[in-house]
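# Coordinate analysis (summary)
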Amino acid sequence: MPDMNIVITLLIMLFAVILFSIEIVPVDIVSVLVVLALIFFRLLTPDQAFLGFSNTALVMIGSILIMTSALVKSGVADKIAHYILRWSGHNPIRLLCIFLITVGIISSFINNVAATAILLPSAVSIARVAKINPSKLLMPLSFGSMLGGMNTLIGTSTNIAVSEALTTYNLSPFSMFEFTPLGLIIFAGGLVFFITIGYFLLPARDKEAVMED
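Residues numbered from 1 in each chain as written. Predicted model: local features only at pLDDT ≥ 70, side-chain atom pairs only at ≥ 80, totals over all residues. Heavy atoms only, no water.

## Examining the overall build of the chain
Quick reminder of the rule: Each helix corresponds to a stretch of at least 4 residues labelled H or I by DSSP, and each strand to a stretch of at least 2 residues labelled E; elements are numbered beginning at the N terminus. Type-normalised accessible area, obtained with a 1.4 Å probe on protein chains alone, sets the label of each residue: buried when under 20%, exposed when over 50%, and partly exposed for intermediate values. Contacts are residue-level and defined by heavy atoms, with any inter-residue pair within 4.5 Å sufficient.
Of the regular secondary structure elements, the chain holds 12 helices and 0 strands. The order of α-helices and β-strands along the chain, N terminus first, is α-α-α-α-α-α-α-α-α-α-α-α. For the chain, the residues scored as buried account for 35% of the 213 residues in total. Counting only contacts in the chain whose residues sit at least 6 apart along the sequence, the fraction spanning at least 24 positions is 69%.

Structure (structure tokens):
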């Protein structure tokens, strides 16, 4: 019954989205429950359900996250904050420009979510020393990491997953720098926006509230 299978699949997806949204159950447990539900309703065989754990994309993403953890624990974030402050001279616009370029470079070569995690403490530290509102750096950090992640194959998990999927259809996977020309243009556009119009649109939340969050 193909139609019933579609309905069951959609219901499982809806159930997963609800659990992800309310955050009562940890994300990893929800993911396992989804896999078990697909097996229980015979939408997937056990072999198909756990095939993803041997997927090249998953191994690559896991490796990147391990590397990211090593960078955080080795004190790279503190060094980055030090050099950004040194080069910017505490000028807000120059500081934002250098910070965004740094975010873009880092997120091009590690997962963009991981890059955000690495630079989050740096952003707050820089804001404190430069005596500017942390929210003026936190939002550019988020957008800058997403834009920077578009520059290379390993910049985002999505790029890796799509590249891996191409091989299943007998198509050539993406090369490491196939995204780079277009990605750099988009990143440059985002950079120009943030240091001009965007800078004045950034929120100016209370410093203490940001620190507590």
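## Points about the packing of helix α6 (residues 92–109) against helix α7 (residues 112–130)
Quick note on the threshold: Between the N-to-C directions of two axes lies an angle of 0 to 180 degrees, each axis being a line fitted to C-alpha atoms and, for a helix, fitted only over the stretch in contact. The scheme is simple: roughly parallel for angles under 35 degrees, roughly antiparallel for over 145, roughly perpendicular for 65 to 115, oblique for anything else. Whether a crossing is left-handed or right-handed is set by the direction in which the near helix is turned from the far one by less than a right angle, anticlockwise for left-handed and clockwise for right-handed. For this scheme, ten residues count as nonpolar: Ala, Val, Leu, Ile, Met, Phe, Trp, Tyr, Cys and Pro. Four count as charged, namely Asp, Glu, Lys and Arg, and the remainder, Gly too, count as polar.
At a closest axis distance of 10 Å, the pairing of α6 and α7 adopts a crossing angle of 160°. With respect to α7, the element α6 is oriented roughly antiparallel. For the element pair α6 and α7, the recorded crossing hand is right-handed. Two secondary-structure elements touch here, α6 through Leu95, Phe99, Val103, Ile106 and Ser107 and α7 through Asn112, Ala115, Leu119, Ala123, Ile126 and Ala130. Here the residues of the contact of α6 with α7 are counted per class, giving 9 nonpolar, 2 polar and no charged.

## Some remarks on the nonpolar core
The line we're drawing: We define the nonpolar core as a collection of buried residues of types Ala, Val, Leu, Ile, Met, Phe, Trp, Tyr and Cys that are connected through side-chain atoms lying within 4.5 Å of one another.
One finds Ile84, Leu96, Phe99, Leu119, Ile126 and Leu137 to be the most contacted residues of the largest nonpolar core, which totals 28 residues. For this core, the elements supplying multiple residues, two or more each, are α5 (76–88), α6, α7, α8 (135–148) and α10 (180–195). Here the element with the most residues in this core is α7; it accounts for 8 residues. Not counting the four nearest positions on each side in its chain, Leu96 is found in contact with Lys136, Leu137, Pro140, Phe194, Ile195, Tyr199 and Leu202.

## Notes on empty space enclosed by the protein
Rules: Only protein atoms enter the 1 Å grid used here, on which a cavity is any set of points holding a 1.4 Å probe that cannot leave and a pocket is any open set flanked by protein within 12 Å on both sides along at least five of seven lines; residues with an atom within 4 Å of a point are listed as lining. Grid points are joined across faces, edges and corners, and a volume is the space filled by probe spheres set on the points.
Counted under the stated rule, the structure contains 1 cavity of 30 Å³ or more. In this model, the largest cavity occupies a volume close to 30 Å³. Residue lining of the largest cavity: Leu100, Phe143, Gly144, Leu147, Phe187, Gly190, Leu191 and Phe194, and that is the complete set. Within the residue set of the lining of the largest cavity, elements represented by two or more residues are α8 and α10. The element that contributes the greatest number of residues to the lining of the largest cavity is α10, accounting for 4 residues. Per-class residue counts for the lining of the largest cavity are 6 nonpolar, 2 polar and no charged.

## Overview of the side chain of Ser135
Selection rule: Polar contact is defined as a pair of N or O atoms within 3.5 Å, subject to the rule that within protein one atom must be able to donate a hydrogen and the other to accept it, and that residues adjacent in sequence are counted only when both atoms are side-chain atoms.
Looking at the secondary structure, you find Ser135 in helix α8. Within the structure, Ser135 has its side chain in polar contact with the side chain of Asn133 (distance 2.7 Å).

## A look at the packing of aromatic side chains
Selection rule: By convention, a stacked pair of Phe, Tyr or Trp rings (six-membered ring in the case of Trp) has centres within 6.5 Å and planes under 30 degrees apart, an edge-to-face pair has planes over 60 apart, and any other such pair is tilted. We call a charge positioned above a ring when the Lys NZ or Arg CZ atom is no farther than 6 Å from the ring centre and deviates by at most 35 degrees from the ring normal.
Overall, the coordinates contain 7 aromatic pairs when judged by the stated rule. An aromatic cluster is defined as three or more aromatic residues linked by ring pairs; in this entry it consists of Phe143, Phe193 and Phe194. Above the ring of Tyr199, the side-chain terminus of Lys136 is found at 5.1 Å from the ring centroid.

## Structural notes on the packing of α6 against α8
Relative orientation of the contacting elements α6 and α8 amounts to 35°, with a least axis distance of 8 Å. Handedness of the crossing formed by α6 with α8: right-handed. Counting all contacts with α6, which are made through Leu96, Phe99, Leu100, Val103, Gly104, Ser107 and Ser108, the residues of α8 involved are Lys136, Leu137, Pro140, Leu141, Gly144, Ser145 and Gly148. Classifying every residue of the contact of α6 with α8 by side-chain character gives 7 nonpolar, 6 polar and 1 charged.

## As for α8
For the α-helix, the turn length of 3.6 residues means that residues three or four positions removed from each other point alike. Inclusion rule: What a helix should span is 1.5 Å times the count of its residues minus one.
Taking 1.5 Å as the rise per residue, α8 with 14 residues should run 20 Å; its terminal C-alpha atoms sit 20 Å apart, in good agreement. For α8, every residue scored as buried is listed here: Ser135, Lys136, Leu137, Pro140, Leu141, Gly144, Ser145, Leu147 and Gly148.

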